[in-house]
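Here are the chains, one letter per residue:
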Amino acid sequence: MDADSVSLLREVLASTNWLERTRELGRALRTTRSPGGLLLVGTPDDEPWHLTAHLSDEARLSGLSQLTPTLLRWSPPANAPAHLRVGLDRLRDARRGETLFVIAEEQAPVPLLERVDDARRTGATILALDGGDPSLESLAHDALAVPRLDGPLSFDGAQHLVSSAAGDVRRLSLRERLARFVDRVSGPRVSD
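Just so it is clear, the structure is predicted and the values come from calculations on it, not from any experiment.

Peer 1: Any chance you could break down the pattern of salt bridges for me, citing the residues and the numbers?
Peer 2: All told, the structure shown has ten salt bridges when counted by the stated rule. Linking Arg21 and Asp142 is a salt bridge whose minimum nitrogen-to-oxygen distance equals 3.1 Å. Residue Arg21 is found in helix α2 (residues 18-29), and its partner Asp142 is found in strand β5 (residues 142-145); the two are separated by 121 residues along the sequence. Taking relative accessible area as the criterion, Arg21 reaches 15% and is therefore assigned buried. A salt bridge links Arg92 to Asp89, with the nearest nitrogen and oxygen atoms 3.4 Å apart. Overall, Asp89 belongs to the partly exposed group, its relative accessible area being 46%. Each of the salt bridges in this network shares a partner with another, and the network as a whole consists of Arg21, Glu24 and Asp142.

Peer 1: Residues and numbers for the sheet that holds strand β4 (residues 125-130), please.
Peer 2: Taken together, five strands build an open sheet; the order of strands is β2-β1-β3-β4-β5 and the sheet is parallel. At either end of the open sheet lies a strand with only one pairing partner, and these are β2 (69-72) and β5. The average angle at which neighbouring strand axes cross in this sheet is 20°, direction not considered. Note: strand β1 (residues 38-41) against strand β3 (residues 99-104), four bridges, orientation parallel.

Peer 1: Which residues make up a nonpolar patch on the surface, and what values go with them?
Peer 2: A grouping of Phe181, Val182 and Val185 is seen on the molecular surface, where their side chains present a nonpolar patch of about 310 Å² in accessible area. Note on placement: Val185 falls in helix α7 (residues 174-186).

Peer 1: Outline the packing of helix α3 (residues 49-62) against helix α6 (residues 155-166), supporting the account with residue identities and numerical values.
Peer 2: The geometry of α3 relative to α6 is characterised by a closest axis approach of 9 Å and an angle of 20° between their N-to-C directions. In terms of their interaxial angle, α3 and α6 are classed as roughly parallel. Once α3 is placed against α6, the crossing between them reads as right-handed. Mapping the contact onto sequence places His50, Leu51, His54, Leu55 and Glu58 in α3 and Asp156, Gln159, His160, Ser163, Ser164 and Ala166 in α6. Considered class by class, the residues forming the contact of α3 with α6 number three nonpolar, six polar and two charged.

Cut-off values and rules
Residues numbered from 1 in each chain as written. Predicted model: local features only at pLDDT ≥ 70, side-chain atom pairs only at ≥ 80, totals over all residues. Heavy atoms only, no water. Salt bridge = Lys/Arg side-chain N within 4 Å of Asp/Glu carboxyl O. Helix = DSSP H or I, 4+ residues; strand = E, 2+ residues; numbered from the N terminus. Buried < 20%, exposed > 50% of the residue type's maximum accessible area, 1.4 Å probe, protein only. Pairing = 2+ DSSP bridges. Axes fitted to C-alpha atoms, helices over the stretch in contact; angles between N-to-C directions. Patch = residues over 30% accessible without salt bridge, like charges linked within 9 Å, V, L, I, M, F, W, Y side chains within 5 Å. Areas by Shrake-Rupley, 256 points an atom, 1.4 Å probe, with all protein chains shown as cover. Parallel < 35°, antiparallel > 145°, perpendicular 65-115°, else oblique. Left-handed = near helix turned anticlockwise from the far one by under 90°. Contact = heavy atoms within 4.5 Å. Nonpolar A, V, L, I, M, F, W, Y, C, P; charged D, E, K, R; others polar.

Laid out in structure tokens, this is it:
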């Protein structure tokens, strides 16, 4: 998806709360303190290669080195380049200031949930982009569920919006900052 397609998707979603939710998740990714401290993991059958590439681009283009992701792989080949050999054992070293971003369109398997829980206990911030997995969402500090509906936002589209929002470094107006403050003070939104 190119920049024009992302822009068109934003226009289509302008009257929904999807844009604000993807922006919130994108901003949360920026709270990672150091390059390589943004850990991305998917399910054994679906590693988030595409999102990893987009976040790498956003880190480079925005100058936000903390967005440089580390892709965690279920079974990395020993002969792969160093940046593609990082396995799930890296989660044992997760710590405060790092962010574990779980991307799981399908339900997260129990071994992944256990490792996410361990990373949370060591102080890592847990974020999730999922297809509506209550077990994963209960472990996450912030989660965005993209259900499989015939709506305007696909799981792939949500990944593009989140990565784009992560690299967006524009200054918010006073009105936007106040609106965000009121949203946080008033509590979570309850959907119908």
